[in-house]
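# Structural overview
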Amino acid sequence: MKEYIEERAMEIGAYIIREGATVRQTAKKFGVSKSTVHKDVSERLSYINPALAAEVRKVLDVNKAERHIRGGMATKEKYLHQRESI
């Protein structure tokens, strides 16, 4: 594996843990696709640093469990803003 890919995977993992970020937020921050972020943290990071990969997995599992709540809140905000502009 190329060194820059390993470095990116480590940086992405640290960012997700530090910020509690979602895959989508992380992809936007690092300028890569969601697929790249997922591959970095689920496959590559497990090979490079298994302990960090386990911590990232915990954060992503929490995000996955809460995503339906965030989606509902986003929809609510959308319709509140539409009502205000009428």
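Note that the structure is a prediction, hence the values are computed from the model and not measured. (Residues numbered from 1 in each chain as written. Predicted model: local features only at pLDDT ≥ 70, side-chain atom pairs only at ≥ 80, totals over all residues. Heavy atoms only, no water.)

### Describing the overall build of the chain
Just so we agree on the cut-off: Only DSSP runs of H or I covering at least 4 residues are called helices, and only runs of E covering at least 2 are called strands; the numbering of each starts at the N terminus. Based on C-alpha atoms, the radius of gyration is set beside the globule rule, defined as 2.2 Å times the residue count to the power 0.38. Note on definitions: a residue-residue contact is assigned when non-hydrogen atoms from the two residues lie within 4.5 Å. Throughout, the Shrake-Rupley method with a 1.4 Å probe supplies accessible areas, and for residues the shown protein chains are the sole cover considered. Residues scored as positive are Lys and Arg, those scored as negative are Asp and Glu, and His as well as the terminal groups of each chain are ignored. To locate a charge, take NZ of a lysine, CZ of an arginine, CG of an aspartate or CD of a glutamate.
The number of helices and strands found in the chain is 4 helices and 0 strands. Starting at the N terminus and walking to the C terminus, you meet the elements of the chain as α-α-α-α. Against the globule reference of 12 Å for 86 residues, the chain gives a C-alpha radius of gyration of 16 Å, more extended than a compact globule. In terms of its C-alpha atoms, the chain occupies a principal-axis envelope of roughly 55 × 25 × 20 Å. Taking all contacts inside the chain whose residues are at least 6 apart in sequence as the whole, residues at least 24 apart take part in 62%. In the form shown here, the chain has an accessible surface area of approximately 6200 Å², with 54% of it arising from carbon and sulfur atoms. When the 17 basic and 12 acidic side-chain charges of the chain are each reduced to a single mean position, those positions are 8 Å apart.

### Some thoughts on the packing of helix α1 (residues 3–19) against helix α4 (residues 50–85)
Defined as follows: Only the contacting stretch of a helix is used when fitting its axis, a line to C-alpha atoms as for every element, and angles between N-to-C directions run 0 to 180 degrees. Each angle gets one of four labels, with under 35 degrees taken as roughly parallel, over 145 as roughly antiparallel, 65 to 115 as roughly perpendicular, and the rest as oblique. Here a crossing is taken to be left-handed if its near helix is turned anticlockwise relative to the far helix by less than a right angle, and right-handed if that turn runs clockwise. As a working rule, the residues Ala, Val, Leu, Ile, Met, Phe, Trp, Tyr, Cys and Pro are called nonpolar, Asp, Glu, Lys and Arg charged, and the rest polar, with Gly in that last group.
Contact geometry for α1 and α4: axes closest at 9 Å, N-to-C directions at 45°. Between α1 and α4, the angle is such that the two are oblique. Two packed elements cross with a definite hand, and for α1 against α4 that hand is left-handed. Residue-level inspection shows M10, G13, A14, I16 and I17 of α1 in contact with α4, the latter providing L52, E55, V56, V59 and L60. Looking at side-chain class alone, the contact of α1 with α4 contains 8 nonpolar, 1 polar and 1 charged residues.

### So, the side chain of T22
Tracing the sequence through the fold places T22 in the loop between α1 and α2 (23–30). Not counting chain neighbours up to four residues away, the residues in contact with T22 comprise N63 and R70.

### Overview of the environment of A74
For clarity, the cut-off: Relative accessibility thresholds used throughout: buried, under 20% of the residue-type maximum; exposed, over 50%; partly exposed, between the two (1.4 Å probe, protein chains only).
Tracing the chain through its elements places A74 in helix α4. Here A74 falls in the partly exposed class, since its relative accessible area comes to 47%.

### Quick look at the packing of aromatic side chains
Here the distance between the centres and the angle between the planes together describe a pair of aromatic rings. Operational definition: Each aromatic pair joins two rings of Phe, Tyr and Trp (for Trp, the six-membered one) with centres within 6.5 Å, and gets the label stacked for planes under 30 degrees apart, edge-to-face for over 60, and tilted for any other angle.
For the structure on display, the rule yields 1 aromatic pair. For the ring pair Y15 and F30, a centre distance of 5.6 Å and an interplane angle of 80° mean the geometry is edge-to-face. Here the residue Y15 occupies a position in helix α1, and F30 occupies one in helix α2, the gap between them amounting to 15 residues. Owing to a relative accessible area of 13%, Y15 belongs among the buried residues under this scheme.

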